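Fold and geometry: a report
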Amino acid sequence: MAEDAIRDDYEDKYLGGGEDDVIERLAEIDDETADQRAQALLEGLEDYDLDEEDRALLGAWGFDIEDEEEQLADPVVAIVGRPNVGKSTIINRILGRREAVVEDKPGVTRDRVSYKAEWLGKSFTLVDTGGWESDARGIDAQVAEQAEIAVEQADVVVLVVDARVGVTASDEQIVRMLRRVKKPIILIANKIDDAHLEPEIYNLWSLGMGQPFPVSGLHGRGLADALDEILEVMPEHSQFAQPEALGGPRRVALVGRPNVGKSSLLNKLAGSDLAGTTRDPIDEIIELGGYPWRFVDTAGIRRRQHMAKGAEFYSSLRTQTALERSEVAVVLLDVSEPISEQDVRIVQTVIDSGRAMVLAFNKWDTLDEDRRYMLEREIERDLAHVQWAPRVNISAKTGWHKDKLVPALEHSLESWDSRIPTGRLNAFLGEIVAAHPHPLRGGKQPRILFGTQVSSRPPKFVLFTTGFLDPGYRRFIMRRLRETFDFTGTPIEISMRVRERRSLGERQSAKAKKGKGGRR
């Protein structure tokens, strides 16, 4: 359901403006009384038609956030090769989706970018590297350095060559570099699109990398055999990557449209330009406020070159991958430009991912009065639906106010983790409904029978009702939940389960069965 943290016309028209003393009345109810009332409401649900899923949700009453067991990191597979041999095409084929950036132009991939992959039930991390050239200079030298770091931190290395072109001097240089690392190497002869091209692979035996696997990244031909071999030499867990574990550093995704200042902010937070020095093939650990924070998928942020428009489009797909691995997202917005449709889409992507959120307004120190006035109007118009997200005004270039990020991150994560005791939640619902009952609809008034929080991260609530609640009434409950329990920085979800009351005969029969069961 769409979230709206602001008061709207519905409250003024149907709920008397929403003014009340609910918070004061709720404070007068002690926990024991709240639990007793909730237990009575729960028992009253037995008079309604409940299915197995309903009972499973109700059985979760009083759940605790369980600490996730620490898990070892998945093995890491680095894909290397000179420019334009089809590395990203092969990665997209393995992933089953267009995730890695592909254009008919050499050198589009400029970073090492990581993706979660799976083959035959085995999970691993794929690292897509930029093209490696032995005599590279400038930006290409940095790309080559990124590829070498990826190899050092991988458990298995896949060398991709263009079988149609054959062995080049660059291929031979890469092989010499790979021999030094003493790791399992899988040689893929790409662009073998049909059987009559397979003889092209025989020349590749001269590289001394073992059997070449004929593959068509474009069509997927032969890739299964190569993946089977990768699984054969792959360790059970990575010897290099750091595991993602609850209790370790909190995971932060830094997202925003291209050229908004993500890389500058990351460097300023880290204290220096850490490009190419991260000890993990995916993330960077940065100490802020005296504690370590894991910034995920930083390779995707540290782009060395402004990509072409098409490549930027496909690179934006990486935002979702970063969010999947994060707990909180910092959405960076450039205040020197109007809030764009792309900015709003990124904010919505964070909401849809269910992650905690902080809005960081970059270049705030450059604002003049006229632009500040216009920006506030833009925020009211385009970001009103996320008024619950904390705002931090910063300068990524100078580091101005960067220290304010940590309190905002901590507050958002605390809200994201939080749960409301079921007794307290139902006491809140009871007071809200008593002060502002749902309007009559068709001569009937929907009632809230019981509420429970079924999960956290983000907080999700289920309301058992006798009828559908108006969207405006659900927005009202959501707004008051935020006001009462402080869900700053996290999306929250409320869903309804409309249940009908059973007939008198069915209720009496159920009570009789329950009574017999209790006497045994």
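Residues numbered from 1 in each chain as written. Predicted model: local features only at pLDDT ≥ 70, side-chain atom pairs only at ≥ 80, totals over all residues. Heavy atoms only, no water.

**What to know about the overall build of the chain**
Spelled out, the test is: Secondary structure elements follow DSSP: runs of H or I of four or more residues count as helices, runs of E of two or more count as strands, with numbering from the N terminus. Residue burial is assigned from relative accessible area. The probe radius is 1.4 Å, only protein chains are included, and a residue is buried under 20% of its type maximum, exposed over 50%, and partly exposed in between. Should any heavy atoms of two residues lie within 4.5 Å, those residues are counted as being in contact. Here the Shrake-Rupley method, with its probe set to 1.4 Å, supplies the accessible areas, and only the displayed protein chains count as covering residues.
Broken down by element type, the chain carries 17 helices and 15 strands. Out of the 520 residues belonging to the chain, those deemed buried represent 51%. In the chain, the share of contacts with a sequence separation of at least 24, taken over all contacts with a separation of at least 6, comes to 76%. Here the chain has roughly 24,600 Å² of accessible surface; of this, 47% comes from carbon and sulfur atoms.

**Considerations on the nonpolar core**
As a reminder, the rule being used: Here, nonpolar core means buried Ala, Val, Leu, Ile, Met, Phe, Trp, Tyr and Cys residues that are tied together by side-chain atoms lying within 4.5 Å of each other.
If you look at the biggest cluster of nonpolar residues, it comprises 26 residues, and the most contacted ones within it are V157, L159, L178, L187 and M209. Among the elements of the structure, β1 (76-80), α6 (139-152), β4 (156-162), α7 (169-181) and β5 (185-190) are those that each provide at least two residues to this core. A per-element tally of this core places α7 first, with four residues. If near-sequence neighbours (up to four positions away) are discounted, L187 is found in contact with L159, V161, L204, L207, M209, G210, Q211, P212 and F213.

**As for the packing of aromatic side chains**
Here is the rule we go by: A pair of aromatic rings is counted whenever rings of Phe, Tyr or Trp (Trp by its six-membered ring) have centres within 6.5 Å, and the orientation is called stacked for planes under 30 degrees apart, edge-to-face for over 60 and tilted otherwise. Ring-over charges, as used throughout, are those where CZ of Arg or NZ of Lys falls within 6 Å of the ring centre and within 35 degrees of the ring normal.
As enumerated under the stated definition, the model contains five aromatic pairs in all. On the numbers, 5.0 Å between centres and 45 degrees between planes, the contact of Y10 with Y14 is tilted. Of this pair, Y10 and Y14 both sit in helix α1 (residues 9-14), four residues apart, roughly one helical turn. A residue is classified by how much of its surface remains accessible, and Y10, at 10% relative accessible area, is buried. Accessibility expressed as a relative area gives 39% for Y14, which makes it partly exposed. With 6.2 Å between their ring centres and 70 degrees between their planes, F361 and W364 make a pair best called edge-to-face. With relative accessibility at 1%, the residue F361 sits in the buried group. Over the face of the ring belonging to F240 we find K183, whose NZ or CZ atom lies 3.9 Å from the ring centre.

**Some words on the side chain of S326**
Just so we agree on the cut-off: Polar contact is defined as a pair of N or O atoms within 3.5 Å, subject to the rule that within protein one atom must be able to donate a hydrogen and the other to accept it, and that residues adjacent in sequence are counted only when both atoms are side-chain atoms.
Along the chain, the position of S326 falls in the loop between α11 (318-324) and β10 (328-334). Judged by relative accessible area, which is 3%, S326 ranks as buried. Here L323 takes part through its backbone oxygen, which lies 3.0 Å from a polar atom of the side chain of S326. If we skip the residues at most four places from it in the chain, S326 touches R251, V252, A253, V296 and R355.

**Some details on the pattern of salt bridges**
For clarity, the cut-off: We define a salt bridge as a side-chain nitrogen of Lys or Arg found within 4 Å of a carboxyl oxygen belonging to Asp or Glu.
Within this structure, the stated rule accounts for 29 salt bridges. Its salt-bridge partner being R55, residue E46 comes within 3.3 Å of it at the nearest N-O pair. Classification of R55 as partly exposed rests on a relative accessible area of 39%. Members of the salt-bridge network, linked through shared partners, are E11, D20, R479, R480 and E483.

**Examining the packing of helix α3 (residues 31-44) against helix α15 (residues 422-435)**
Between two packed helices, both the angle of their axes relative to each other and the distance between the axes serve to describe the pair. As a reminder of what qualifies: With axes taken as lines fitted to C-alpha atoms, and helix axes fitted only over the stretch in contact, angles between N-to-C directions fall between 0 and 180 degrees. Oblique is the label for every angle not falling under 35 degrees (roughly parallel), over 145 degrees (roughly antiparallel), or within 65 to 115 degrees (roughly perpendicular). Classification used: nonpolar for Ala, Val, Leu, Ile, Met, Phe, Trp, Tyr, Cys and Pro, charged for Asp, Glu, Lys and Arg, polar for all others including Gly.
At a minimum axis distance of 8 Å, the contact between α3 and α15 shows a crossing angle of 80 degrees. Relative to α15, the element α3 is oriented roughly perpendicular. Packed against α3, whose contacting residues are D31, A34, D35, R37, A38 and L41, the element α15 presents T422, G423, R424, N426, A427 and E431 at the interface. Tallied by class, the residues present in the contact of α3 with α15 amount to four nonpolar, three polar and five charged.

**Considerations on unusual backbone geometry**
Apart from glycine, the bulk of residues carry a negative phi angle, and the bulk of peptide bonds sit in the trans form. Put simply, R457 and P458 share a cis peptide bond, and its omega is 0 degrees. Tracing the sequence through the fold places P458 in the loop between β13 (448-455) and β14 (460-465). Of note in this structure, K363 is not a glycine but carries a positive phi near 65 degrees. Following the sequence through the fold, K363 ends up in the loop between β11 (356-362) and α13 (369-382). Judged by its relative accessible area of 32%, K363 is partly exposed. Although it is not a glycine, H401 adopts a positive phi angle of roughly 65 degrees. Under the relative-accessibility criterion, H401 is labelled partly exposed at 26%.

**Looking at α15**
Short version of the rule: Multiplying 1.5 Å by the residue count of a helix minus one yields the expected span of that helix.
Taking 1.5 Å per residue as the helical rise, α15 with its 14 residues ought to reach 20 Å, and the 20 Å between its terminal C-alpha atoms agrees with that figure. Of all the 14 residues making up α15, ten are buried; the element is thus mostly covered by neighbouring parts of the structure. Every buried residue of α15 is accounted for by T422, G423, R424, L425, N426, A427, F428, L429, E431 and I432. Those residues of α15 that are buried are in contact with α2 (22-27), α3, β13, β14 and α16 (471-485).

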